[in-house]
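# Observations on the model geometry
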Amino acid sequence: MGRVLVSDKEEFPEMENADFSDSQLIYYVRDALAAVTLGDRENYDELVGYLFLKKNLKKNLNLDEVALLVTTLKALSGAVSYIDSVHHESLLSAVSSMSLWDYGTDVMDALLELIISLAASNGKYIDWCLEILVENFVPPNKQENGIDRKNKVLSRVHAALKDLADLVPLAPLRLSPIVVQRMPSVFSKEPVIVMYVENMLRLEGGAIGEIVSGTMLPALVDRLIELDVQIGWDGILQEDAKGIFEMELDDVAEFADGDEKYDDKPPAELLNRKNLQGNMVVEKLDSLMELTFLHLESCQSSGRLAEVFNVLLTSFKRTVLNAYKSKFSQFVMFYACALDPEGCGVKFAMALVEMFVCDVDPPITRMSAVAYLGSYLSRAKFLSTALVASIIQRLVDWCFDYCKLHDFDMNPRAHKVFYSGCQAIMYVLCFRMRSLMDVPRLKLQLLNMPIEPILKHKLNALNVCLPTVVGEFLRQAKAAHLFMASESFVFDDLLESDLSMAFGGMDRLDTFFPFDPCLLKKSESYIRPHFARWSKIRTTYDCDDNDEVSDSGSDVSDDDFVDRNAKDMIDDDMIVSVEGLDFDPDLNKMSITPSKSWKYGSGTQLKQCIGMPARIRPSTSPESL
């Protein structure tokens, strides 16, 4: 074989004119590799030059060139024991620069055979080989590739990763950090990060998923949070006072109810397209969450959801729970629970309860936990009323015990965990009181809860919790005769008193309702069937007539706000069940943040309460930052 020249003028290197059998070429490659250690680089440089030339030609290779390139790569596979990382660095560089996306299937297979052989021959090449495979998760920059090529490349990449895992049992453990480190940043283009995450989830759901799951899913959740906190609701509000967060969602509710004039419009199109759909960060987050939802559905079908949920729950506690400006990422947990109400759904609720009642975590974590709990119990249609009642009972018991230990006036800031618990109780009852009162056993349980002594305690929760929540709660409590004399309950007439605002921002008492309606176009369609919209909630002051319209703003039907298994819950000996749906159809309604439409009488007497306002605003207070 003569020397190969690689200048631009050398269109047909001499190597292509040489007549070698496959075995002869393997021996030639071995000799060329071995000669380098003795100082003879001529044939080795010839070989490396040939690979670099063919790499640059890529798809322009003719059939003979393809055949020779395949044979050369196979010859290298047969001589991997002769490759040394010190003496053959230029060869390894040439191989690593060859992208699978640039070649046909024959070259792809030969290149992957070389990579796998090299990894299996020497442990020091494992990371190098894994990095090459991971690099092929996405095509080279600016390269257009159809679905067919994508499937051909990625199916081979994942098959190669499986082969490596079989040959080198430690390979999956080495793979996980490489995948995480090479994950595209939040500033990457949407197609790039989406395709990369597709591959991450394919790994998690594949043959080595049991090993890499503990790394893939938390890394994905972290990236969702990074995108989530970049969405600047505060800036949008300043830019457009009539933006999506102050918009009445009646139009969206009409869409959900099948209004003909919105048949061709998804809800997101009704919510200020300029500020939401035009936001590249929002679109990336939405696409990644949809991928995650689809993956969760796949896990449910394969019987892996419970296992995957445990990983997600750990990640939620570590990342999402204390993410101050998280707006949508938490719906990954919500959807996982919706897919398995009796398992994941109950487990999530009980985990939040334990974090709140156990005096282990810092106050900010406990406050976040109970805020998530209150919002979750209120919005999750798939949770039974009996389960909700049992959790409310536990929260009430904790608050009652707290009152007995603090029977004196103190700075309200010293009791912020207590106030967050009180607010969660009232918030849940705003959504659930009617369904509890409609079941005799649960009604008796609710009436026997020491809620009245808690609210009449010197700590004065009614004047510290969010007035919007307090007002709606007291109105329903009065209609349900929940207390002996609910008219005696009073709170300050200020819309946002100094006390309630004192717990805003990082302390999360003013407007932190984590499961407010999801405004992401794609993701919302998955959440909607499982999500309780305020306009569909039957309150205790609603009329039972089907033709009436509730004060919360929508037509009332017999099934709304009533547990479908209510008749099965009357037996006093009944064990708490998670079966049944407590609220009816799809929802896409409101965050109960303070609204200027609320009016209170003078002094301390509640004068008028019209129902919970239907305005979407951020579930945090950016100005407090």
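Rules behind the numbers
Residues numbered from 1 in each chain as written. Predicted model: local features only at pLDDT ≥ 70, side-chain atom pairs only at ≥ 80, totals over all residues. Heavy atoms only, no water. Helix = DSSP H or I, 4+ residues; strand = E, 2+ residues; numbered from the N terminus. Areas by Shrake-Rupley, 256 points an atom, 1.4 Å probe, with all protein chains shown as cover. Patch = residues over 30% accessible without salt bridge, like charges linked within 9 Å, V, L, I, M, F, W, Y side chains within 5 Å. Salt bridge = Lys/Arg side-chain N within 4 Å of Asp/Glu carboxyl O. Buried < 20%, exposed > 50% of the residue type's maximum accessible area, 1.4 Å probe, protein only. Expected span 1.5 Å × (residues − 1). pLDDT = per-residue confidence, 0-100. Contact = heavy atoms within 4.5 Å. Phe/Tyr/Trp six-rings, centres within 6.5 Å; stacked < 30°, edge-to-face > 60°. Lys NZ or Arg CZ within 6 Å of the ring centre and 35° of its normal. Axes fitted to C-alpha atoms, helices over the stretch in contact; angles between N-to-C directions. Parallel < 35°, antiparallel > 145°, perpendicular 65-115°, else oblique. Nonpolar A, V, L, I, M, F, W, Y, C, P; charged D, E, K, R; others polar. Core = buried A, V, L, I, M, F, W, Y, C linked by side-chain atoms within 4.5 Å. Left-handed = near helix turned anticlockwise from the far one by under 90°.

### Focus: the overall build of the protein chain
- For the protein chain, the helix and strand inventory stands at 24 helices and 0 strands.
- Total accessible area on the protein chain is roughly 26,000 Å²; 50% of this is exposed by carbon and sulfur atoms.

### Notes on a nonpolar patch on the surface
- There is a patch of nonpolar side chains on the surface, built from L170, L173 and I211 and spanning about 290 Å² of accessible area.
- As for its position among the elements, L173 is in helix α8 (residues 171–181).
- Of the residues examined, L173 reaches a relative accessible area of 53% and is grouped as exposed.

### Re the pattern of salt bridges
- Counted by the stated rule, this structure contains 18 salt bridges.
- A salt bridge links R304 to E204; its shortest N-O distance comes to 2.7 Å. Taken together, the residues R304 in the loop between α13 (280–301) and α14 (305–320) and E204 in helix α9 (residues 190–204) connect sequence positions 100 residues apart.
- The exposure class assigned to E204 is buried, which follows from its relative accessible area of 0%.
- For E307, the salt bridge identified is with R304, shortest N-O distance 4.0 Å.
- Given a relative accessible area of 37%, E307 falls into the partly exposed group.
- Where salt bridges share partners, they join E204, R304 and E307 into one cluster.

### Details of helix α3 (residues 63–77)
- For α3, with 15 residues, the first-to-last C-alpha span of 21 Å sits near the 21 Å given by 1.5 Å per residue.
- Residues E65, L69, V70, T72, L73, A75, L76 and S77 constitute the buried set of α3.

### Some details on the environment of T539
- Structurally, T539 is set in the segment after α24 (521–527).
- With a relative accessible area of 1%, T539 lands in the buried category.
- Note: C-alpha distance between T539 and R432 (107 residues apart in sequence) is 8.0 Å.

### Quick word on the confidence of the model for the protein chain
- Of all residues in the protein chain, 70% attain a pLDDT of 70 or more, and the chain-wide mean is 77.
- Taken as a whole, residues 1–14 scores under 50 in pLDDT and shows 18 contacts with residues more than four places along the chain or in a different chain.
- A low-confidence stretch, residues 234–274 (pLDDT under 50), is modelled with 83 contacts involving residues beyond four sequence positions or located in other chains.

### Some details on α8
- Turning to α8, its buried residues number three or more, namely A171, P172, L175, S176, I178 and V179.
- In this structure, the buried residues of α8 make contact with α6 (126–135), α7 (147–167), α9 and α10 (209–228).

### Observations concerning the packing of aromatic side chains
- Summed over the entire model, instances satisfying the criterion amount to 25 aromatic pairs.
- With a centroid separation of 5.3 Å and an interplanar angle of 25°, the aromatic rings of W398 and Y402 are classed as stacked. Placement of both W398 and Y402 in helix α18 (residues 385–405) is noted, with a separation of 4 residues, approximately one turn of the helix.
- Classification of W398 by relative accessible area gives buried; the value is 16%.
- In this arrangement the basic side chain of R366 is found over the ring face of F356, its NZ or CZ atom lying 5.9 Å from the centre.

### A few points about unusual backbone geometry
- With phi around 55°, N460 is a residue other than glycine that occupies positive phi space.
- With respect to the secondary-structure elements, N460 resides in the loop between α21 (451–455) and α22 (467–480).
- Unlike most non-glycine residues, H481 shows phi in positive territory, near 55°.
- Checked against the element boundaries, H481 lands in the loop between α22 and α23 (498–501).

### A word on the packing of α3 against helix α5 (residues 105–121)
- One can describe the packing of α3 onto α5 by two numbers: an axis separation of 8 Å at closest approach and a directional angle of 10°. Judged by the inter-axis angle, α3 sits roughly parallel to α5. Contacts between α3 and α5 pair V66, L69, V70, L73, K74, L76 and S77 from the former with D106, V107, A110, L111, E113, L114 and S117 from the latter.
- Its residues placed into classes, the contact of α3 with α5 shows 9 nonpolar, 2 polar and 3 charged.

### Things to note about the nonpolar core
- Counting 188 residues, the largest nonpolar core has L296, F348, Y376, F418 and F473 as the members making the most contacts within it.
- The contact partners of F473, leaving out residues within four places of it in the chain, are M426, L429, C430, M433, I451, L455, L482 and F483.

### Describing the packing of α5 against α7
- Running from N to C, α5 and α7 point in directions that differ by 20°, and their axes come no closer than 10 Å. Accordingly, the angle class assigned to the pair α5 and α7 is roughly parallel. In this structure, the crossing between α5 and α7 has a hand that is right-handed. In this structure, α5 contributes T105, M108, D109, L112, I116, A119 and A120 to the contact, and α7 contributes R149, K152, V153, R156, A160, D163, L164 and L167.
- Split into classes, the residues belonging to the contact of α5 with α7 amount to 9 nonpolar, 1 polar and 5 charged.

### Notes on the environment of F316
- Inspection of the secondary structure puts F316 in helix α14.
- We classify F316 as buried; its relative accessible area is 1%.

### Focus on the environment of P514
- Note that P514 resides in the loop between α23 and α24.
- P514 sits in the buried class, given a relative accessible area of 3%.
- For P514 and G374, which are 140 residues apart along the polypeptide, the C-alpha to C-alpha distance reads 9.0 Å.

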